[in-house]
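Okay, here's what each chain looks like letter by letter:
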Amino acid sequence: MSLRGRAVIVGVAESDLGEIGPGFTPLDLIGQATSRALEDAGLEKADVDGLFSASAYYHMPTLSVGEYLGIRPRYSDATNLGGSSFVSHLFHAAAAIDAGLCEVALIVYGSTQRSAGGRLVSGSETLPYEGPYRPRYPVSMYALAASRHMHEYGTTREQLAEVAVAAREWAKLNPKAFVRDDLSVEEVLDSRMVSSPLSVLDCCLVTDGGGAVLVTSAVRARDLRKPPVYLLGAGEAHWHRNISQMPDLTVSAAAESGPRAYGMAKIGPEDVDVAMLYDAFTINTVLFLEDLGFCRKGEGGAFVSGGRISPGGELAVNTNGGGLSYNHPGMYGLLLLVEATRQIRGECGERQVAGANVTLVHGNGGVLSSQVSAVLGSEETL
Amino acid sequence: LGDYANEEEMAVAHGDAVAGAPAEVYRRYLEGGSLGFQQCRDCSSAVFYPRVLCPVCGSTSLEWRTSGGHGMVYATTAVHRRDDEPYNVALVDLEEGFRMMSRVEGVPAEEVSIGLRVRFEVREEDDGPVAVFVPAESAG
């Protein structure tokens, strides 16, 4: 039986974002976000009986989170698919709720990596066959993919820069975005090269931050505070962990996870009002627009050019400003869900996409490794 | 058993489990100046990095082979540093049908291009021998 419309996002919140200052722990941020998400939903902490988290800080994250928050779940899932984990958690929570294994699921994440010295808590575990070459994890892996896309399809650095500029244009409309000043294609091109062809402005931010998402059954959601946001479909796929093992560096496993999610949701890319695509690097947005069917393979560079994914453009992409300009606390996937939910509720202020009924959330993890897609919809999409 | 005196000798020659851990066998090839890879006896797939089973068909019958060392750059990046010259990191497709991460030497890091034909060489580094590549036309 399909999970379409069986589970509902009923509460979302961010923790404090950006630079929190010394002393706070990732669990403190999870505590903030949880308290705000419960308030958003009109639920009590005691209602939570399913707990979902992934972390680069805590080896057994749901145990650490459960203890800190004082939650004793009957269902616990710490699936770690890198940054895509939290989109996966939404999928898994829907299945668990539908099976009666829990009723109210809490999905949480927190990171203090900026205040902890800007050090990325790395998901790198280097193969002996790759360590000696000293790729910079993870940017060099994405740079390799970008080099191949440029070679095969004539994609240019200018087109990649357009992704960063579009993200910044959206960020200017979001008071919570970490950087909101003007940005031009030329500034991206002229910024410090990190791992060619990617310069520092092709790379996501390093910020503190966290979030919480509450999910329950469609029946339980009826009594709650906010308009329900339904999970219409979801799909997962992963084909590799290390970039040398990715079969074709221009095609991610989103080419499988996307159709799985669309199939369950019974919609296609043409029905999507807002696309929230995990933009750890500018090349991601190009690859995912292609792999998720918004344009054909190789046409992503043209698709993002000329302001077509900026505010007022053809397709609303990463309306919060994305990992490139809003916030990127190590793993970004949970914050995709927060924005996607708010767009459907109509809570996004200046950056609100009028009449947004369907959002596509796409999480990426590892080095273009794990791909998890989810389609969210308003009541009228059921 | 063909040319082999006993089953163990054959197993060692074929790099079966008795020959040692896959990473150790790979290193021994490098120490001997060669680039080792595995080939599946059942589905003929070239396998790299080395494993104990074929990731294509699942067979545990993998045979160690010596690569001819001829390949082509599949993807490339130059890693930049604040106070030093950039260095190259590349994915190289070998003629035998496997891909590996490596670096191309002998040309500036930013000038390594996709499609460049390259040839395997060994470099001795602090942690042991490392497989690198140089442009195929360059001598030595």
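For clarity, every value in this text was computed on a predicted model and none was experimentally measured. Note that residues are indexed from 1 along each chain, following the sequence as it is written. Chains and ligands are labelled sequentially in the order written, the chains with letters from A and the ligands with numbers from 1. Local features in a predicted model are, by the rule used here, given only for residues with pLDDT of at least 70; side-chain atom pairs are given and counted only at 80 or more, and totals for whole chains, interfaces and linings are based on all residues. Here the side-chain values reflect all heavy atoms present in the structure, with hydrogen atoms and water set aside.

A. Representation of the packing of aromatic side chains. Two aromatic rings from Phe, Tyr or Trp, using only the six-membered ring of Trp, form a pair when their centres are within 6.5 Å; if the ring planes differ by under 30 degrees the pair is stacked, by over 60 it is edge-to-face, and anything between is tilted. Enumeration according to the criterion identifies 13 aromatic pairs over all chains in this entry. Between the aromatic rings of Tyr 29 of chain B and Trp 64 of chain B, the centroid separation amounts to 5.4 Å while the plane-to-plane angle is 25°, which identifies the pairing as stacked. You can see Tyr 29 of chain B sitting in helix H2 (residues 22-31) and its partner Trp 64 of chain B sitting in strand E3 (residues 62-66), a full 35 residues away along the chain. With respect to class, Tyr 29 of chain B is no different from Trp 64 of chain B; both count as buried. By the ring-pair criterion, three or more aromatic residues cluster together here, those being Tyr 129 of chain A together with Tyr 26, Phe 37, Phe 48, Tyr 49 and Phe 98 of chain B. Above the ring of Phe 303 of chain A, the side-chain terminus of Arg 308 of chain A is found at 4.8 Å from the ring centroid. Labels follow the DSSP assignment, with helices taken as runs of H or I lasting at least four residues and strands as runs of E lasting at least two, numbered in each case from the N terminus. Only protein chains enter the area calculation, which uses a 1.4 Å probe; residues under 20% of their type maximum are buried, those over 50% are exposed, and those in between are partly exposed. Comment: the charge-over-ring label is applied if NZ (Lys) or CZ (Arg) is within 6 Å of the ring centre and within 35 degrees of the ring normal.

B. Looking closely at the confidence of the model for chain B. Overall, the prediction assigns chain B a mean pLDDT of 90, with 84% of residues at 70 or greater. Interface confidence in the predicted complex, given as ipTM, is 0.96; pTM for the same model is 0.95. pLDDT is defined as a per-residue confidence score from the predictor, taking values between 0 and 100.

C. Up close: the pattern of salt bridges. When a carboxyl oxygen of Asp or Glu is within 4 Å of a side-chain nitrogen of Lys or Arg, the pair counts as a salt bridge. A full pass over the atoms with the stated rule returns 32 salt bridges over all chains. In this structure, Arg 225 of chain A and Glu 39 of chain A form a salt bridge, with 3.5 Å as the shortest nitrogen-oxygen distance. Here Glu 39 of chain A lies in helix H1 (residues 26-41) and Arg 225 of chain A lies in the loop between helix H7 (218-221) and strand E8 (229-238), a separation of 186 residues in the sequence. When sorted by exposure, Arg 225 of chain A lands in the same class as Glu 39 of chain A, which is exposed. With a shortest N-O distance of 3.8 Å, Asp 84 of chain B and Arg 81 of chain B are connected by a salt bridge. A residue is classified by how much of its surface remains accessible, and Arg 81 of chain B, at 33% relative accessible area, is partly exposed.

D. Local environment of the pairing of strand E11 (residues 358-365) of chain A. Residues and elements named next belong to chain A. The element E11 is extensively covered by neighbouring structure, given that 8 of its 8 residues are classed as buried. Side-chain alternation along E11 places Val 358, Leu 360, His 362 and Asn 364 on one buried face and Thr 359, Val 361, Gly 363 and Gly 365 on a second face that is also buried. Bridge count between strand E9 (residues 274-277) and E11: 4 bridges; the pairing is parallel. Pairing of Met 276 across the sheet is with Val 361, part of E11. Strand pairing follows a simple DSSP-based rule, namely that at least 2 bridges must link the two strands. When E11 meets strand E12 (residues 370-377), the two strands line up antiparallel, connected through 8 bridges. Its bridge partner lying in E12, Gly 363 is registered against Val 372.

E. Local environment of helix H5 (residues 157-171) of chain A. Residues and elements named next belong to chain A. The span you would expect from a helix comes to 1.5 Å times its residue count less one. For H5, which comprises 15 residues, the first-to-last C-alpha distance of 21 Å matches the rise-based estimate of 21 Å (1.5 Å per residue) to within 8%. Buried residues dominate H5, accounting for 12 of its 15 residues. Taken residue by residue, H5 has Arg 157, Gln 159, Leu 160, Ala 161, Val 163, Ala 164, Val 165, Ala 166, Ala 167, Arg 168, Trp 170 and Ala 171 as its buried positions.

F. Local environment of the nonpolar core. For our purposes a nonpolar core is just a set of buried Ala, Val, Leu, Ile, Met, Phe, Trp, Tyr and Cys residues, chained together by side-chain atoms within 4.5 Å. With 155 residues, the main nonpolar core has Leu 214, Leu 289 and Phe 294 of chain A together with Met 100 of chain B as its most contacted residues. Looking at this core element by element, the count peaks at 8 residues for helix H3 (residues 85-98) of chain A. Not counting the four nearest positions on each side in its chain, Met 100 of chain B is found in contact with Tyr 133 of chain A together with Tyr 26, Leu 35, Phe 48, Ala 90, Leu 91, Val 92, Leu 94, Ala 131 and Phe 133 of chain B. Grouped together as the second largest cluster of nonpolar side chains are 6 residues, Ala 161, Leu 183, Val 185 and Val 188 of chain A included. Should any heavy atoms of two residues lie within 4.5 Å, those residues are considered in contact.

G. Structural context of the interface of chain B and chain A. At the junction of the two partners, chain B supplies 31 residues and chain A supplies 27 residues. Note: buried area is the sum, over both parts, of the accessible area (probe 1.4 Å) each one loses when the two are combined. Between chain B and chain A the total buried area reaches about 2500 Å² when both faces are included, carbon and sulfur atoms providing 57% of it. Applying the counting criterion to the chain B and chain A interface returns 0 salt bridges. Polar contact is the term for a pair of N or O atoms within 3.5 Å; when the atoms are in protein, one must be able to donate a hydrogen and the other to accept it, and sequence-neighboring residues count only if both atoms are side-chain atoms. Where chain B touches chain A, the interface holds 16 residue pairs in polar contact (both at pLDDT 80 or more).

H. The arrangement of the sheet that holds strand E2 (residues 46-47) of chain B in detail. Residue and element names in this part refer to chain B. A sheet is described by the order of its strands in space; here 3 strands give the open sequence E2-E1-E3, paired in antiparallel fashion. The open sheet is flanked by E2 and E3, the only strands paired with a single partner. Strand direction decides the pairing type here: strand E1 (residues 36-40) and E2, joined by 2 bridges, are antiparallel. Considered in E2, the bridge of Gln 39 is made with Ala 46.

I. Highlighting the environment of Val 87 of chain A. As for its placement among the helices and strands, Val 87 of chain A is situated in helix H3. Not counting residues within four places of it along the chain, the set of residues in contact with Val 87 of chain A comprises Gly 333, Leu 337, Val 361, Gly 363, Val 372, Ser 373 and Ala 374 of chain A.

J. Quick look at helix H2 (residues 61-69) of chain A. All names here are of chain A. Listed as buried for H2 are Pro 61, Thr 62, Val 65, Gly 66 and Leu 69. Taken down its axis, H2 places every buried residue within 125° of arc, on the same side. Away from its buried face, by an angle of more than 90 degrees, H2 presents the exposed residues Leu 63 and Glu 67. Residues of H2 that are buried in the fold lie against H1, strand E2 (50-53), strand E3 (75-77) and strand E4 (104-111). Within this analysis, the arc is defined by the directions that extend from the helix axis to the C-beta atoms.

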